[in-house]
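Examining the three-dimensional arrangement
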Amino acid sequence: MSTPHPLQEYYSRIYKSYDLVNSLFTFGLDKKWRKHTVQACLSTQPGQILDLCCGTGDLALGLAQAAAPGTTITGYDLNPDMLKIARQKAAGITGPGIDFIRGDVAAMPFADHEFDCITIGFGFRNLTWQNPGSEKHLSEMSRVLKPGGRLLILESADPENRIIGFFYRIYLRIILVPLGGLLSGDWRAYRYLAGSSAGFYGIASLQSMMNKHRLHLSPVRKYLFGSVNLLIAFKK
């Protein structure tokens, strides 16, 4: 297994307030964005879905509630505290069940070409931005995805428009960091999250990174002036 990303320590301290901070910071729009991701994923009627970095399970739960009977959904995350909340949420849903598994994305316990679709909501930058294991993470995503399968990435980003980007970075600094820090008690975690959001790779850089792993990236939707994007990568 690769060395755990330092943020894993932060998640064990902020997991109780994680959902609340996300909702407040995005004005509740994160629910709408996840719904769009669910719809995009299920549009091709995948039989087997992997939700990477599933965290507290909201995206996996949305998939389970909307998927056709017989769909297999697996939530995968390294942090046991986040998974505990995810399992608690899943206990009350109807629809296909979710198998929540703890593990490292760098060494996933799945067969080659096992999944029709992979989703990852607000976790992709943790696996790739300033992470020494980024190439292994991308390689593993490609390995477990079927040829012709799709990787759906819902992720924050620095808006391309310089003026909007300037105000976005101010918003991260004066809203996200204090809000997350006060509610969770861990300012360092939200300083990292703000920094990774503001400094995350642009589309061209992401395309170059993913092409090496047979993943062809295509931007699909932009939210809040490009501060959040829904991207789809097709495995060649």
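Check the entry above for the structure.
Residues numbered from 1 in each chain as written. Predicted model: local features only at pLDDT ≥ 70, side-chain atom pairs only at ≥ 80, totals over all residues. Heavy atoms only, no water.

Bringing the nonpolar core into the picture now. Formed by 44 residues in total, the largest nonpolar core has its most connected members in Leu50, Leu52, Phe124, Leu151 and Met210. Residues contacting Phe124, with those up to four places away along its chain left out, are Leu138, Met141, Ile153, Glu155, Phe200, Leu206 and Met210. By size, the runner-up hydrophobic cluster in this structure holds 27 residues, among which are Ala40, Ala64, Leu83 and Phe122. (Core = buried A, V, L, I, M, F, W, Y, C linked by side-chain atoms within 4.5 Å. Buried < 20%, exposed > 50% of the residue type's maximum accessible area, 1.4 Å probe, protein only. Contact = heavy atoms within 4.5 Å.)

Where helix H8 (residues 162–184) meets helix H9 (residues 187–199), the axes come as close as 8 Å, and the angle between the chain directions of the two elements is 155°. Between H8 and H9, the crossing angle belongs to the class labelled roughly antiparallel. Of the two elements, H8 crosses H9, and the hand of that crossing is right-handed. Contact residues: H8 offers Tyr168, Arg169, Leu172, Leu176, Val177, Pro178, Gly180, Gly181, Leu182 and Ser184, while H9 offers Trp187, Tyr190, Arg191, Leu193, Ala194, Ser197 and Ala198. (Axes fitted to C-alpha atoms, helices over the stretch in contact; angles between N-to-C directions. Helix = DSSP H or I, 4+ residues; strand = E, 2+ residues; numbered from the N terminus. Parallel < 35°, antiparallel > 145°, perpendicular 65-115°, else oblique. Left-handed = near helix turned anticlockwise from the far one by under 90°.)

Next up on the list: a nonpolar patch on the surface. Taken together, the side chains of Leu20, Leu24 and Leu183 present a nonpolar region at the surface, about 250 Å² in accessible area. Among the secondary structure elements, Leu24 is positioned in helix H2 (residues 18–25). (Patch = residues over 30% accessible without salt bridge, like charges linked within 9 Å, V, L, I, M, F, W, Y side chains within 5 Å. Areas by Shrake-Rupley, 256 points an atom, 1.4 Å probe, with all protein chains shown as cover. Salt bridge = Lys/Arg side-chain N within 4 Å of Asp/Glu carboxyl O.)

Of note in this structure, His113 is not a glycine but carries a positive phi near 60°. Locating His113 in the fold gives a position in the loop between strand S3 (98–102) and strand S4 (115–121). A residue is classified by how much of its surface remains accessible, and His113, at 38% relative accessible area, is partly exposed. In this structure, Leu224 takes a positive phi of about 50° despite not being glycine. As for its placement among the helices and strands, Leu224 is situated in the loop between strand S6 (215–223) and strand S7 (228–235).

The next thing to look at is H9. Between its first and last C-alpha atoms H9 spans 18 Å; for 13 residues at 1.5 Å apiece the expected length is 18 Å, and the two agree. Of all the positions in H9, only Ala189, Tyr190, Tyr192, Leu193, Ala194, Ser196 and Ser197 are classed as buried. (Expected span 1.5 Å × (residues − 1).)

Our focus in this paragraph is the pairing of strand S2 (residues 72–77). With respect to burial, S2 is a largely interior element, 5 of its 6 residues being buried. Pairing between strand S1 (residues 48–52) and S2: 5 bridges, direction parallel. Looking across to S2, one finds that Ile49 is bridged to Ile73. Viewed along the sheet, the connection from S1 through helix H4 (residues 58–66) into S2 turns out right-handed. Both S2 and S3 contribute to a ladder of 5 bridges, which runs parallel. Residue pairing for S3: Gly75 is matched across the bridge by Phe100. (Pairing = 2+ DSSP bridges. Right-handed = clockwise from strand over helix to strand, strands pointing away.)

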